[in-house]
Amino acid sequence: MAAGHASLPAILATARTPFLDTAGAYAELMTHELGAQAIAGVVQRSGVDPEALDMVSMGIVVHEVETTNIAREAMLTAGLPSQVPAYTTAMAGLSPNIGIVNLCDMIRLGRLELAIGGGMENFSDVPIRLSRNVRRLAMRLRQARSHRQRLRALARLRPGDLALDIPKGTDYTTRQTMGASTEAMVRKYPVTREECDAFALRSHQRAVQALRSGQLNADIHPVRLPGGGEVCADNTPRAGLQLEQLARLKPVFDREQGVITAGNASRFTDGAAALLLGSLAAAERHGLTPQAVLVDAVFTGVADLYSEMLLGPAMAIPRLLERNRLTMDDIAVFEVHEAFAAQLLVNQVCLASDAFVRQRLSLSRAPGRIPEDRLNLWGGSLALGNPFAATGGRLIATAARRLAVEGGRYAVVSSCAGGGLGTALLLENAYRYGHLPGAAGRPSPVPLYLKRLPHVPDIPFSDCRT
């Protein structure tokens, strides 16, 4: 290994739980317990000594107040020694991405050697609060010094205040749902309903193909359930899905002219993902084989929260490519979050628009659309669902594994997020650094079974419960 490569941060091992429909098998687990299973999985798969870990960082979007530093609770529940510090990241759907990049930066600086990063989300156990007025009343009653003060505080209570405060999928600033925000993007950068349905179908077909070939299951660590048994497979890809079925569904957010339906939008799912990160030197010392090196990362915001909320990839990918003097042709693997088919397709429109990149990014020309034969070849969030803070971990893990399987040099991982945020990460195949002899310079073919996507017949689903 070249001396200059020793401190480069690499992905050394990955593990994620199966992604399951909400209110299913994970309903009895708290979110940190689900995250613990991913952390334990990556430790088990890598064989690394937990005592050798320097840090754990896990992201989350929907926070439980009792587990304020949920990364700490998750790693302790996973059995890691308490001497290992842990911190929680919150950057909407980019929560795991920013944590993983932070850890890699510390590895590059020599402050860490081995760390675990990832994210978790369990919508089956979301924190439901009393209304804001009731919460304020409780504090007034606590501070009251007389019966008169208590009665005066209670007199402010109204019947409507007794309603529960359930977390909503709306952006706090704009008060729009992500679906309504995407419909606003479609009005500005048009894509058709037919394009959206076709893209959603392809996501499911590719996920089913990857399940059959074993590629999608390679990162999955079975989850042990409190009542006994375990779950070891995703339950969201639809093998028998037909384009005609998708076409019959009604728009959800814009019932008159909208393109988003339940069939071409990602579903809420529960899951967790964890990655073992370390320097190339640490990998060599611990006998670990790196999958990919994290080369660079861009985080950004959008220009208009009301009409460009989920344009993060179109804002981040051109900057990442420009900074690293790369083009779309140089990237063998793309893993991009599919919040909605329309969201990804609008980003494709903007990536191909010289006017957009000139106006938004001050670049001379657009990088072009992401080639479909390199984009989300093992399926995406439309098929696997979106457990917010676990999705980023899944995308990075899948990109690293695809680089190893396909032999390409570079991968780009990109996501949008609530609040008008976006990111793009650049990974490089660890083959380049001599860790897998004989692999350097290998071509990066797209497997034939992923190039051709015939209709996939129904297959029985087993969630491996015993």
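Bear in mind that the values here come from a model prediction, so they are computed numbers and not experimental data.

Undergrad: Looking at this structure, I do not really get the overall build of the protein. What am I missing?
TA: In terms of helices and strands, the protein carries 15 helices and 14 strands. What you see for the protein is a C-alpha radius of gyration of 23 Å, in line with the 23 Å of a compact globule of 466 residues. Projected onto the principal axes, the alpha-carbon positions of the protein cover approximately 80 × 55 × 50 Å. Intrachain contacts of the protein at a sequence separation of at least 6 include 81% that bridge at least 24 residues. Looking at the protein, you have 49 positive and 43 negative side-chain charges, and the mean spots of the two groups are 6 Å apart.

Undergrad: Would you mind going over the pairing of strand β1 (residues 9-16) with me for this structure?
TA: Across a regular strand the side chains alternate sides, sitting on one face of the sheet and then on the other. Burial analysis of β1 places 8 of its 8 residues in the buried class, which makes it a mostly covered element. Both β1 and strand β10 (residues 269-279) contribute to a ladder of 7 bridges, which runs antiparallel. Opposite Ile 11, over in β10, you have Leu 277 as the bridge partner. Note that β1 and strand β11 (residues 292-301) share 2 bridges and pair antiparallel. Across the sheet, the residue bridging to Ile 11 is Ala 292, located in β11.

Undergrad: So what exactly am I meant to see when it comes to unusual backbone geometry here?
TA: Among all residues except glycine, the phi angle is most often negative; among peptide bonds, the trans geometry is most common. Positive phi, normally seen in glycine, also occurs at Arg 175, with a value near 65 degrees. By the element assignment, Arg 175 lies in the loop between β7 (164-165) and α6 (178-188). The phi torsion at Arg 325 lies on the positive side, around 55 degrees, for a residue other than glycine. Considering the arrangement of structural elements, one finds Arg 325 in the loop between α10 (312-323) and β12 (331-336).

Undergrad: Looking at this structure, how should I read the packing of aromatic side chains?
TA: The geometry of an aromatic ring pair comes down to the distance between the two centres and the angle between the two planes. Per the stated rule, a full pass over the model turns up 5 aromatic pairs. Ring centres of Tyr 189 and Phe 356 lie 6.1 Å apart, and the angle between their planes is 85 degrees; this geometry places the pair in the edge-to-face category. Taken as a pair, Tyr 189 in the loop between α6 and α7 (193-213) and Phe 356 in helix α12 (residues 354-361) lie far apart in primary sequence, 167 residues in all. Among the residues examined, Tyr 189 registers a relative accessible area of 15% and is labelled buried. Ring-pair connections join several aromatic residues into one group, and the members of that group are Phe 123, Phe 268 and Phe 388. Directly above the ring of Phe 19 sits Arg 16, whose terminal nitrogen or CZ lies 4.5 Å from the centroid. Its guanidinium or amino end placed over the ring of Tyr 172, Arg 175 lies 4.2 Å from that ring's centre, counting from NZ or CZ.

Undergrad: What is the right way to read the confidence of the model for the protein from this model?
TA: When pLDDT drops low, the exact placement of atoms in the prediction is not to be read closely. Residues at a pLDDT of 70 or more form 92% of the protein, whose mean pLDDT is 91. pLDDT under 50 marks residues 435-466. Its contacts with residues more than four places away, or in other chains, come to 70 contacts.

Undergrad: Teacher, can you tell me more about helix α2 (residues 70-77) here?
TA: For an α-helix, the turn length of 3.6 residues means that residues three or four places apart are oriented alike. Among all positions of α2, only Ile 70, Ala 71, Ala 74 and Met 75 are buried. Projected onto a plane normal to the axis of α2, the buried residues spread over an arc of 130 degrees and lie on a single side.

Undergrad: Looking at this model, I keep getting lost on the pattern of salt bridges. Mind explaining?
TA: It is possible for side chains of opposite charge to pair when their charged atoms get near one another. If you walk through the whole model with that rule in mind, you get 15 salt bridges. In this structure, Arg 401 and Asp 219 form a salt bridge, with 2.6 Å as the shortest nitrogen-oxygen distance. A residue pair is termed long-range when its members are at least 10 positions apart, and Arg 401 in helix α14 (residues 388-406) and Asp 219 in the loop between α7 and β8 (223-224) qualify at 182 residues. Three or more residues joined by partner-sharing salt bridges are found here, namely Asp 21, Arg 238 and Arg 267.

Undergrad: Would you take a moment to explain a positive patch on the surface for this structure?
TA: Side chains of Arg 132, Arg 136, Arg 140, Arg 148, Arg 152 and Arg 156 sit close together on the surface and give a patch of like positive charge. For the positive patch, the elements supplying multiple residues, two or more each, are α4 (132-143) and α5 (147-154). Of all the elements, α4 adds the most residues to the positive patch, at 3 residues. Take Arg 156: it is sitting in the loop between α5 and β7.

Undergrad: Please explain a nonpolar patch on the surface as it appears in this structure.
TA: On the surface, a nonpolar cluster with roughly 390 Å² of combined accessible area is contributed by Ile 128, Leu 130, Leu 164 and Ile 166. Here Leu 164 lies in strand β7. A relative accessible area of 55% places Leu 164 in the exposed class.

Undergrad: It is not clear to me how the pairing of β12 should be interpreted in this structure. Could you clarify?
TA: With 6 of its 6 residues buried, β12 lies for the most part within the structure. As judged from the 5 bridges shared by β12 and strand β13 (residues 410-417), these two strands associate in the parallel manner. Following the sheet pairing, Ile 331 is matched in β13 by Tyr 410.

Undergrad: Quick question: what am I supposed to make of the nonpolar core here?
TA: The tendency in soluble globular proteins is for nonpolar side chains to be buried as a group. Of all hydrophobic cores here, the largest spans 52 residues; its most connected members are Leu 310, Leu 311, Ile 317, Ile 331, Val 346, Phe 356 and Ile 370. Elements represented by at least two residues in this core include exactly α6, α7, α10, β12, α11 (341-351), α12, β13 and β14 (421-429). With 7 residues, the top contributor of residues to this core is α11. Once residues within four sequence positions are removed from consideration, Val 346 is found in contact with Met 185, Val 186, Tyr 189, Val 191 and Leu 311. By size, the runner-up hydrophobic cluster in this structure holds 41 residues, among which are Ile 39, Val 42, Ile 70 and Leu 288.

Calculation criteria
Each residue is numbered by its place in its chain's sequence as written, counting from 1. A pLDDT threshold of at least 70 governs which residues receive local features in this predicted model, and a stricter bar of 80 or more applies before side-chain atom pairs are shown or counted, although totals over entire chains, interfaces and linings include all residues. Based on all heavy atoms of the structure, the side-chain values leave hydrogens and waters out of the count. Every helix listed is a DSSP run of H or I at least four residues long, and every strand listed is a run of E at least two residues long, numbered separately from the N terminus. Both definitions apply: the radius of gyration is a C-alpha atom measure, and the globule rule equals 2.2 Å times residues to the power 0.38. Contacts are assigned to residue pairs that have any heavy atoms within 4.5 Å of one another. Here Asp and Glu are counted as negative and Lys and Arg as positive; His is not counted, and neither are the chain ends. For this purpose, a charge sits on NZ of Lys, CZ of Arg, CG of Asp or CD of Glu. Per-residue accessibility, obtained with a 1.4 Å probe over protein chains only, is compared with the maximum for each type, and a residue is labelled buried under 20%, exposed over 50%, and partly exposed between these values. Pairing between strands is defined by DSSP: at least two bridges between the two strands are required. When two rings of Phe, Tyr or Trp (its six-membered ring) have centres within 6.5 Å they constitute a pair, described as stacked for plane angles under 30 degrees, edge-to-face for angles over 60, and tilted for the intermediate range. Two conditions define a charge located above a ring, namely a distance within 6 Å from the ring centre to NZ of Lys or CZ of Arg, and an angle within 35 degrees of the ring normal. The quantity known as pLDDT measures the predictor's confidence residue by residue, on a range of 0 to 100. Our arc is simply the arc of the directions from the helix axis toward the C-beta atoms. By definition, a salt bridge exists where a carboxyl oxygen of Asp or Glu is found within 4 Å of a side-chain nitrogen of Lys or Arg. Residues enter patches when they are more than 30% accessible in relative terms and free of salt bridges; like-charged ones are connected within 9 Å and nonpolar ones (Val, Leu, Ile, Met, Phe, Trp, Tyr) within 5 Å. Only the protein chains shown count as cover for residues, and the accessible areas themselves come from Shrake-Rupley with a 1.4 Å probe. Residues belong to a common nonpolar core when they are buried Ala, Val, Leu, Ile, Met, Phe, Trp, Tyr or Cys residues joined through side-chain atoms within 4.5 Å.

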